[in-house]
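# Coordinate analysis (summary)
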Amino acid sequence: MYNKCVIGIDIGGTYSRIGAVALDGMLLHSEITSSRFIAEGTPDTAISNLAAYINAYIKKNVPQIILGVAVAFPATIDKKREILYSATNLGKNAKCRFDGLNIPGELQKYIDAPVFLGKDTDFLLYNDIHELNVDTDEIISGIYFGTGIGSCFMYHREIIYGNDGVAGEIGHLPISDNRRRCTCGERQGCCETIASGWRLEEICRESFPDTPVSELFLRHADTPELRNFVYDCARVIALTGNLLNSACTIIGGGIVNMKGFPKDLLRENVFSMLRHPLPRNTFQLLFSSSDQNAGILGAAQFLFQKLNLSSVLEAEQEEK
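Values in this document were obtained by computation on a predicted structure and should not be read as measured data. Per-chain numbering applies: the sequence of each chain, read as written, is numbered from 1 onward. A pLDDT threshold of at least 70 governs which residues receive local features in this predicted model, and a stricter bar of 80 or more applies before side-chain atom pairs are shown or counted, although totals over entire chains, interfaces and linings include all residues. Just so you know, side-chain values use all the structure's heavy atoms and leave hydrogens and water out.

Turning next to the nonpolar core. For this analysis, a nonpolar core means a set of buried residues of the types Ala, Val, Leu, Ile, Met, Phe, Trp, Tyr and Cys, connected via side-chain atoms within 4.5 Å. We call a residue buried when its accessible area falls under 20% of the maximum for its residue type, exposed when it is over 50%, and partly exposed in between, using a 1.4 Å probe and counting protein chains only. One finds Phe145, Ile149, Leu200, Phe217, Ile237, Ile251 and Leu266 to be the most contacted residues of the largest nonpolar core, which totals 35 residues. Note on conventions: DSSP H or I runs of at least 4 residues are helices, E runs of at least 2 residues are strands, and numbering of each starts at the N terminus. Every element with two or more residues in this core is listed here: strand 8 (140-145), strand 9 (149-155), helix 5 (197-207), helix 6 (216-220), helix 7 (224-244), helix 8 (263-273) and strand 12 (285-287). Contacts were defined at the residue level, with two residues in contact if any of their heavy atoms lie within 4.5 Å. Beyond its immediate stretch of four places on either side in the chain, Phe217 contacts Leu200, Leu226, Phe229, Val230, Met258, Lys259, Gly260, Phe261 and Pro262. Among the nonpolar cores identified, the runner-up in size contains 34 residues, and Ile18, Ile47, Ile111 and Leu117 belong to it.

Here you go:
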């Protein structure tokens, strides 16, 4: 019987997941719900609603002592990981009711454990590094193709935040001259306008209206439309590979994990665009093995490191 745990919360654009993780990394329990109740409402009730969601879950499912809580948003966040700047995929018209709020500071008033805030891709990369046994102090890149394009970069096992905390927004690098409006509100040819989940849905409506999005690659992977889409995803990966010369690049997200997605074609396209001989000859491309609870498990790995909980686990094992 585990008597201590941490809580991870992964708030996505469509679904939110919450779970309890033991100090040895075992997922004890998890739950999924629609993100609507978090996304909808006014700013003045945003924190109290989120706290009620967390505390209701704990009361119902978690008898263990809770040592820490980490919450992830699909958002830009300040360098101190306190203030949420913007979560365009969680609200309407590029606005979210959590914009500008000090989420861990305010949540701490409701929760009897240390509370931390992270970007969703921060925790996904923590989990992937753990699951894939990546062991390096050099740059590690995580790129996740979902509703948008999320990313996270680490150096010496610390996240690269940048001057303002918003480093790594590769989904909004201007790469195309299509002038499509992006979810960020701009028409600057963002990467997300050519290689994201919402762009894939547009392709489905335009070219394959009788096919469910989930079956696009199963039925139409060899069509020019989808081969071009995969090529555009590869452009994003190669761009970061040539720019950062990472020791390891991990690719994941709902798009890459769709049934029939041509990972070999993606890999082939990436390597064709990497500068020769370097970084092409040393480029290490791995695919995330993450499941739907990756954000929860990654939040736990973050908390283990942040709170030095490995020492607590060792002490418990010695007592046994």
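Having put the structure on the table, let's press on.
Right, let's get into helix 4 (residues 120-131). Given a helix with a known number of residues, its expected span is that number minus one, times 1.5 Å. Over its 12 residues, helix 4 runs 17 Å from end to end, which matches the ideal 16 Å to within 8%, given 1.5 Å per residue. Considered for burial, the residues of helix 4 that qualify are Thr121, Asp122, Phe123, Leu124, Leu125, Tyr126, Asn127, Asp128 and Ile129. Asn133 occupies a position one or two residues after helix 4 and carries a positive phi of about 55°.

Another point: helix 7. When the terminal C-alpha atoms of helix 7 are compared, their 30 Å separation across 21 residues agrees well with the 30 Å that a helix rising 1.5 Å per residue should span. Looking only at helix 7, the buried set comprises Leu226, Phe229, Val230, Asp232, Cys233, Ala234, Val236, Ile237, Ala238, Thr240 and Gly241. Packed against the buried residues of helix 7 are strand 8, strand 9, helix 5, helix 6, strand 11 (248-252) and helix 8. Residue Asn245 follows helix 7 closely and has a positive phi angle near 50°.

Moving on: the packing of aromatic side chains. Only centres within 6.5 Å qualify two rings of Phe, Tyr or Trp (six-membered ring in Trp) as a pair; their planes then separate them into stacked at under 30 degrees, edge-to-face at over 60, and tilted for everything else. On inspection of all chains with the given rule, the structure shows 8 aromatic pairs. With a centroid separation of 5.8 Å and an interplanar angle of 80°, the aromatic rings of Phe116 and Phe302 are classed as edge-to-face. Of this pair, Phe116 sits in strand 7 (residues 115-119) while Phe302 sits in helix 9 (residues 294-306), and the two are 186 residues apart along the sequence. A relative accessible area of 8% places Phe302 in the buried class. Their ring planes at 40° and their centres at 5.1 Å tell us that Phe123 and Phe302 sit as a pair that is tilted. Here Phe302 lies in helix 9 and Phe123 lies in helix 4, a separation of 179 residues in the sequence. In our convention, an over-ring charge means Lys NZ or Arg CZ found within 6 Å of a ring centre and within 35 degrees of that ring's normal. Directly above the aromatic system of Phe287 lies the positively charged group of Lys263, at a separation of 5.0 Å from the ring centroid.

On to the packing of helix 7 against helix 8. Under this scheme, a helix contributes an axis fitted over its contacting stretch, all axes are lines through C-alpha atoms, and angles between N-to-C directions fall in the 0 to 180 degree range. Here helix 7 crosses helix 8 at 45°, and the two axes come no closer than 8 Å. By the angle class used here, helix 7 and helix 8 are oblique. In this structure, the crossing between helix 7 and helix 8 has a hand that is right-handed. When helix 7 is examined against helix 8, the residues Arg227, Val230, Tyr231, Cys233, Ala234, Arg235, Ile237, Ala238 and Asn242 are found in contact with a partner set consisting of Leu265, Leu266, Asn269, Val270 and Met273. Split into classes, the residues belonging to the contact of helix 7 with helix 8 amount to 10 nonpolar, 2 polar and 2 charged. An angle counts as roughly parallel when it lies under 35 degrees, as roughly antiparallel when it exceeds 145, as roughly perpendicular when it falls between 65 and 115, and as oblique in every other case. Handedness of a crossing is defined here by the sense of rotation of the near helix relative to the far one, left-handed for an anticlockwise turn of less than a right angle and right-handed for a clockwise turn. Ten residues, namely Ala, Val, Leu, Ile, Met, Phe, Trp, Tyr, Cys and Pro, are considered nonpolar, four, namely Asp, Glu, Lys and Arg, are considered charged, and the remaining ones, Gly among them, are considered polar.

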